[in-house]
Number of protein chains: 2
Amino acid sequence: MAAAPGSAGRARQGRGAAGGAVRPGLTGSPLDRADKLRGDPEAFAALLGDVRARVLDLTSLDPVVTAEGMIGWKSLAEAHDQAELILLGLDGGVPHLVEWRMGQPDPIPRSPAVFRALATLSPDQAQIYASARSLLEYHRRHGFCANCGAVTRIFRAGWGRRCDACGTEHFPRVDPVVIMLAEHDDRVLIGRSAGYPPGRYSALAGFVEPAESIEEAVARELHEEAGIRVSDVRYVASQPWPFAHSLMMGCMAAAADDALTIDATELEDAIWVSRDAVRAAMAGDPDAPFLAPPPYAIAHTLFARWIDE
Amino acid sequence: MAAAPGSAGRARQGRGAAGGAVRPGLTGSPLDRADKLRGDPEAFAALLGDVRARVLDLTSLDPVVTAEGMIGWKSLAEAHDQAELILLGLDGGVPHLVEWRMGQPDPIPRSPAVFRALATLSPDQAQIYASARSLLEYHRRHGFCANCGAVTRIFRAGWGRRCDACGTEHFPRVDPVVIMLAEHDDRVLIGRSAGYPPGRYSALAGFVEPAESIEEAVARELHEEAGIRVSDVRYVASQPWPFAHSLMMGCMAAAADDALTIDATELEDAIWVSRDAVRAAMAGDPDAPFLAPPPYAIAHTLFARWIDE
């Protein structure tokens with residue numbers, strides 16, 4: 001059944017229609033980003049007069065999840081008087097917004113409520129929340145002009161900040177991150193950081209640096225964190241990650257051998273695991289040698305694709 | 001022949017060793033980024049006492065190309081007294097640096113000298129220049145703290161800026177960009193912007209937005225700029241682009257049909273071209289229907305991979 005306009009059509013994590021591949025988390029939002037409207041202040045003002053307009057309901061920066069497992073919305077009349085409104089997009093012509101006030105309290109770091117919500121929401125619902133969260137995280141830390149130090153103001157319906165002192169236009173940051181499974185002898189390398197829940201292991205990851213390809217970032221991070229050399233880096237899938245505003249790019253790579261030199265400042269542990277071990281972890285088997293990452297994480301997608309290969 | 005340490009081993013654009021695929025431009029630098037050293041001020045100070053240390057030779061932000069087609073270097077003694085030094089990396093233990101002074105003149109926009117240099121340099125040499133250029137572009141526009149407006153200072157050997165007023169640590173920006181060929185009926189879609197040289201057409205491109213996957217960005221950009229709907233987005237290859245600090249991610253996508261609605265604010269023209277037309281353009285045939293992008297651009301890699309498919 002096709003989703004009706006305005007209904008923000010729901011799709012559970014799982015097999016996609018094309019090719020049977022597992023769909024990454026935090027993707028598939030039905031919102032039209034309506035780029036043209038952002039640059040047209042009159043058109044945006046008209047949207048703010050639309051009685052159908054919906055404003056994302058948040059507690060601090062955490063989402064409100066309805067009994068039906070959807071993200072919660074309120075009316076424009078319920079928005080804060082001093083709030084500025086950011087256009088997340090249109091769904092069947094209905095404006096979907098999020099409110100922003102400079103100086104609002106900082107979000108709770110790694111709030112359990114957010115991760116409970118992500119575990120409940122469908123990927124498309126989670127992506128709507130992610131778009132709001134990444135923009136709010138950006139505005140929260142970018143109130144001043146990096147070029148001259150003056151106070152900046154929101155422009156382009158929330159998709160940028162402008163400095164009236166020096167004329168610089170700033171656009172929201174998106175930080176590319178590689179996240180990858182090195183493979184050797186039908187096993188993959190997984191690791192855990194000190195802050196992970198007990199038993200949880202995931203794919204290794206790191207930020208892409210200036211003047212580096214995705215393939216080079218994968219090789220560098222695996223060498224820095226685990227001491228291994230890889231070749232044949234293969235891109236698998238991507239998804240956004242809104243803490244704060246990353247683009248996660250999932251890859252596979254072939255390791256030359258399995259001897260590890262772990263960087264203890266980055267990883268608490270790293271181990272090679274078999275396909276059966278990953279299958280058990282993904283099935284939630286209590287005897288699995290590790291706890292798999294949740295379905296909304298791209299590491300989950302990487303594991304799912306690997307055990308299906 | 002293996003490259004000798006310190007020689008910044010040279011490799012021409014062309015077939016790679018693995019799989020015969022065309023290697024993207026601006027990749028393959030022999031420099032070890034030496035992340036551990038960046039965070040160790042004593043170790044970095046020791047590097048600055050190494051008489052073998054080399055400092056990139058620049059005219060404004062343009063590279064100096066030697067008679068041998070390599071990027072030019074000078075000694076530490078030749079660096080400007082007031083310059084701060086940024087660690088590009090190590091080659092055979094030899095520190096390779098670039099100097100930075102806040103308030104140095106802005107680079108010449110789209111300087112012809114840079115593009116002449118990129119046409120001459122091997123991809124690995126060009127990547128060394130790209131690493132310097134992206135970092136200098138970053139520092140040039142980020143002298144102030146976006147969080148509080150205070151003046152920031154360089155830290156981590158040039159790979160970040162620190163605000164002593166509010167304690168925020170800022171890391172260089174990398175802007176992910178999708179660049180793609182939509183395919184329909186064995187033809188691909190190419191376009192030109194108003195600023196292109198006469199006859200030049202390339203792949204369409206655009207910045208990835210917050211909370212968007214690569215695949216979604218490809219579909220959105222092709223719809224915004226050319227009015228087409230695509231599916232089956234396939235990642236091909238990536239490379240850095242140092243104007244200012246982008247990560248170019250080349251993709252293919254299957255277009256549902258070939259009817260175009262061109263956004264005249266983004267594109268001057270867009271056309272569908274056959275495999276033979278792309279082959280002719282890539283061979284530099286004067287009768288080709290368009291002028292192909294240069295080998296150092298990832299669009300060139302996309303075209304080369306497509307005609308080889």
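Residues numbered from 1 in each chain as written. Chains lettered and ligands numbered in written order. Predicted model: local features only at pLDDT ≥ 70, side-chain atom pairs only at ≥ 80, totals over all residues. Heavy atoms only, no water.

Per an unreviewed UniProt entry, chain A is named NAD(+) diphosphatase, and its organism is Sphingomonas gilva. As its UniProt record puts it under Sequence similarities (unreviewed entry), chain A is described as follows: "Belongs to the Nudix hydrolase family. NudC subfamily." (UniProt positions renumbered as here; feature names shortened; annotations may be inferred.)

J.: Can you walk me through the relation of the copies chain A and chain B in this structure?
T.: Between the two chain copies there is a screw-like relation: a rotation about an axis and a shift along it. With an RMSD of 0.0 Å, chain A superimposes on chain B once it is rotated by 180° and translated 0.0 Å along the axis. In the structure described here, the two chain copies are related by an operation that fits a two-fold rotation axis. Distance from the rotation axis, computed per C-alpha, reaches its smallest value in chain A at G149 of chain A: 2.1 Å. The share of interface residues of chain A whose copies in chain B are also at the interface is 100%, consistent with both copies meeting through the same surface. (Least-squares fit on C-alpha atoms with pLDDT ≥ 70 in both. Contact = heavy atoms within 4.5 Å.)

J.: When you look at the pattern of salt bridges in this model, what are you seeing that I'm missing?
T.: Pairs can form between side chains of opposite charge once their charged atoms are near each other. What the rule picks out here adds up to 48 salt bridges over all chains. E169 of chain A is paired through a salt bridge with R162 of chain A; the nearest N and O atoms lie 3.7 Å apart. Put simply, R279 of chain B and D276 of chain B hold a salt bridge, and the shortest N to O gap is 3.1 Å. With a gap of 3 residues between them, R279 of chain B and D276 of chain B both fall in helix α6 (residues 275-282), about one helical turn apart. Classification of R279 of chain B by relative accessible area gives partly exposed; the value is 37%. Residue D276 of chain B is classed as exposed on the basis of its relative accessible area of 56%. Salt bridges here are not isolated pairs; linked through shared partners, they connect R33, D35, R38 and R156 of chain A together with E209, E212, R220, E221 and E224 of chain B. (Salt bridge = Lys/Arg side-chain N within 4 Å of Asp/Glu carboxyl O. Helix = DSSP H or I, 4+ residues; strand = E, 2+ residues; numbered from the N terminus. Buried < 20%, exposed > 50% of the residue type's maximum accessible area, 1.4 Å probe, protein only.)

J.: Teacher, can you tell me more about unusual backbone geometry here?
T.: The bulk of non-glycine residues show a negative phi, and the bulk of peptide bonds are trans. Each neighbour pair has its own omega, and for F243 of chain A with A244 of chain A the value is 5°, a cis peptide bond. Among the secondary structure elements, A244 of chain A is positioned in the loop between β13 (230-241) and β14 (246-255). One non-glycine residue, L26 of chain A, adopts positive backbone phi at about 55°. Tracing the chain through its elements places L26 of chain A in the segment before α1 (35-38). Among the residues examined, L26 of chain A registers a relative accessible area of 1% and is labelled buried. Look at D232 of chain B: it is not a glycine, yet its phi comes out positive at around 50°. On the secondary structure map, D232 of chain B appears in strand β13 (residues 230-241). With a relative accessible area of 56%, D232 of chain B lands in the exposed category.

J.: Looking at this model, I keep getting lost on the sheet that holds strand β5 (residues 84-91) of chain A. Mind explaining?
T.: Consider a sheet: its strands pair through backbone hydrogen bonds, and that pairing is either parallel or antiparallel. Residue and element names in this part refer to chain A. In space, the 4 strands of this open sheet follow the order β4-β1-β6-β5, with mixed pairing throughout. Every other strand in the sheet has two partners, leaving β4 (73-75) and β5 as the edge strands with one partner each. Geometrically, the sheet is characterised by an average inter-axis angle of 40° between neighbouring strands, direction not taken into account. Strand direction decides the pairing type here: β5 and strand β6 (residues 94-100), joined by 7 bridges, are antiparallel. From the neighbouring strand, L87 faces β6, where its bridge partner is L97. Running at roughly 155° to β5, helix α4 (residues 123-141) makes contact with β1 (54-56), β4, β5 and β6 of the sheet. (Pairing = 2+ DSSP bridges. Axes fitted to C-alpha atoms, helices over the stretch in contact; angles between N-to-C directions.)

J.: I tried to follow the domain arrangement of chain A on my own but got confused; where do I start?
T.: Quoted interface sizes are often the accessible area lost when the parts come together. All names here are of chain A. Domains assigned within chain A are domain 1 (35-170) and domain 2 (175-308). When each unit is reduced to the centre of its C-alpha atoms, the spacing between domain 1 and domain 2 is 31 Å. The interface is formed by 10 residues belonging to domain 1 together with 7 residues belonging to domain 2. Counting each side, the surface lost to burial between domain 1 and domain 2 is near 790 Å², with a carbon and sulfur contribution of 78%. Counting across the domain 1 and domain 2 interface gives 0 salt bridges. Put simply, domain 1 and domain 2 have 0 residue pairs in polar contact (both at pLDDT 80 or more) between them. Breaking the side of domain 1 that touches domain 2 down by element, the ones donating at least two residues are α3 (112-120) and α4. In terms of residue count, α4 provides more of the side of domain 1 that touches domain 2 than any other element does, 6 residues in total. (Domains from an automatic or database assignment. Buried area = accessible area lost by both parts, 1.4 Å probe. Polar contact = N/O pair within 3.5 Å; in protein donor to acceptor, adjacent residues only side chain to side chain.)

J.: Explain the pairing of β6 of chain A to me, please; I cannot follow it from the model alone.
T.: Two faces make up the sheet, and in a regular strand the side chains alternate between them. All names here are of chain A. Counting buried residues in β6 gives 7 out of 7 residues, a clear majority hidden from the surface. Because side chains alternate across β6, one face comprises the buried residues V94, H96, V98 and W100, and the other comprises P95, L97 and E99, equally buried. Here β1 runs beside β6; their pairing, made up of 2 bridges, is parallel. Each bridged residue has a counterpart across the sheet, and for R54 the counterpart in β6 is H96.

J.: In this structure, what is going on with the interface of chain A and chain B? I would like to understand it.
T.: The partner chain B presents 51 residues to the 51 residues of chain A that form the contact. Roughly 3900 Å² is buried in total at the junction of chain A and chain B, and carbon and sulfur atoms are behind 53% of that figure. It is R173, P210 and A211 of chain A in chain A that bury the most area against chain B; as a group they hold 16% of the surface buried on that side. The shortest N-O distance in the salt bridge between R33 of chain A and E212 of chain B comes to 3.7 Å. Counting across the chain A and chain B interface gives 34 residue pairs in polar contact (both at pLDDT 80 or more). Taken together, the elements giving at least two residues each to the side of chain A that touches chain B come down to α1, α4, α5 (214-226), β13 and β14 of chain A.

J.: Looking at this structure, how should I read the packing of α6 of chain B against helix α7 (residues 298-308) of chain B?
T.: For any two helices packed against each other, one specifies the inter-axial angle together with the distance between the axes. All names here are of chain B. Two elements in contact, α6 and α7, have axes whose closest approach is 10 Å; the angle formed by their N-to-C orientations is 125°. In terms of orientation, α6 lies oblique with respect to α7. Helix-helix and strand crossings are classified by hand; for α6 and α7 the assignment is left-handed. Here R275, V278, R279 and M282 of α6 lie close against α7, whose contacting residues are H300, F303, A304, W306 and I307. Residues that form the contact of α6 with α7 fall into these classes: 6 nonpolar, 1 polar and 2 charged. (Parallel < 35°, antiparallel > 145°, perpendicular 65-115°, else oblique. Left-handed = near helix turned anticlockwise from the far one by under 90°. Nonpolar A, V, L, I, M, F, W, Y, C, P; charged D, E, K, R; others polar.)

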